[in-house]
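# Descriptive structure summary
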Amino acid sequence: MVEFCPKCEALLIPIKDKGKTYLVCRLCGYRKEIRSSEGYKSVLKVSEEKRSKITVMEETREISREDRERAKELMQEYYEVFLETMETEEQQEVSD
Ligand SMILES: [Zn+2]
């Protein structure tokens, strides 16, 4: 679900522009349109649970090795939370 820039491997950030959703690289400007949001919606359903796990990880700090991998996972979690926020905004716009 989470995608990274094919050019510089940075995390692609979802943005909305003129009713469409894009994944954008903030480092090099790479942009990719998301044609269907169905896959992302399914991810959002579990984001709440995953967020709890992040909190536990932050408190216990049991995972001290493979820091790079852990950081990458955390970025993915934040990414999903970001999508959830975006989804909420979208629903509010529709109901208007
Ligand atoms: Zn890039």
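Check the entry above for the structure.
Residues numbered from 1 in each chain as written. Predicted model: local features only at pLDDT ≥ 70, side-chain atom pairs only at ≥ 80, totals over all residues. Heavy atoms only, no water.

## Observations regarding a negative patch on the surface
Which entries qualify depends on this criterion: Residues enter patches when they are more than 30% accessible in relative terms and free of salt bridges; like-charged ones are connected within 9 Å and nonpolar ones (Val, Leu, Ile, Met, Phe, Trp, Tyr) within 5 Å. Values of accessible area rely on a 1.4 Å probe in the Shrake-Rupley scheme; residue burial ignores everything except the protein chains shown. Salt-bridge detection follows one rule: a side-chain nitrogen of Lys or Arg within 4 Å of a carboxyl oxygen of Asp or Glu. Positive: Lys, Arg. Negative: Asp, Glu. His and the chain ends are not part of the count. Lys charges are placed at NZ, Arg charges at CZ, Asp charges at CG and Glu charges at CD. A run of H or I in DSSP becomes a helix once it reaches four residues, and a run of E becomes a strand once it reaches two; helices and strands are each numbered from the N terminus.
Together, Glu 66, Asp 67, Glu 69 and Glu 73 give the surface a local cluster of negative charge. Relative to the helices and strands, Asp 67 resides in helix α2 (residues 67-95).

## Quick look at the coordination of the zinc ion
As a reminder, the rule being used: Here the coordinating atoms are restricted to nitrogen, oxygen and sulfur within 2.8 Å of the metal centre, or 3.2 Å for Na, K and Ca, and because water is not among them the sites may look incomplete. Metal sites are grouped by the angles between bound donors: all angles between 85 and 135 degrees with four donors is tetrahedral, opposite donors over 155 degrees apart with the others between 65 and 115 is square planar for four donors and octahedral for six, and any other pattern is irregular. Per-residue accessibility, obtained with a 1.4 Å probe over protein chains only, is compared with the maximum for each type, and a residue is labelled buried under 20%, exposed over 50%, and partly exposed between these values.
The protein atoms donating to the zinc ion are Cys 5 (SG), Cys 8 (SG), Cys 25 (SG) and Cys 28 (SG), with metal-donor distances spanning 2.2 to 2.3 Å. The site at the zinc ion holds 4 donor atoms, and with the angles between them running 99 to 127°, its shape is tetrahedral. Each donor residue of the zinc ion lies on one chain, and together they are spaced C-x2-C-x16-C-x2-C. Taken as a pair, Cys 5 in the segment before β1 (12-17) and Cys 28 in the loop between β2 (20-25) and β3 (31-34) lie far apart in primary sequence, 23 residues in all. Cys 5 gets classed as buried once you look at its relative accessible area, which sits at 2%.

## Quick notes on the sheet that holds β1
Let me state the cut-off plainly: Between any two strands, pairing holds if DSSP finds at least two bridges. To get an axis, a line is fitted to the C-alpha atoms, and for a helix only the part in contact is used. The angle between two axes follows their N-to-C directions and goes from 0 to 180 degrees.
Strand order across the open sheet formed by 3 strands is β1-β2-β3, with antiparallel pairing between neighbours. In this open sheet, the two strands that pair with only one neighbour each are β1 and β3. Each neighbouring strand pair of the sheet contributes to a mean axis angle of 30°, computed without reference to strand direction.

## Quick notes on the pattern of salt bridges
Counted according to the given criterion, the structure contains 2 salt bridges. The partner of Lys 32 in a salt bridge is Glu 3, with the nearest N and O atoms 2.6 Å apart. Placement of the pair is Lys 32 in strand β3 and Glu 3 in the segment before β1, with a sequence separation of 29 residues. Owing to a relative accessible area of 25%, Glu 3 belongs among the partly exposed residues under this scheme. For Arg 31, the salt bridge goes to Asp 17, with nearest N and O atoms at 3.4 Å. One end of the pair, Arg 31, is in strand β3; the other, Asp 17, is in strand β1, with 14 residues separating them in the sequence. With a relative accessible area of 25%, Asp 17 lands in the partly exposed category.

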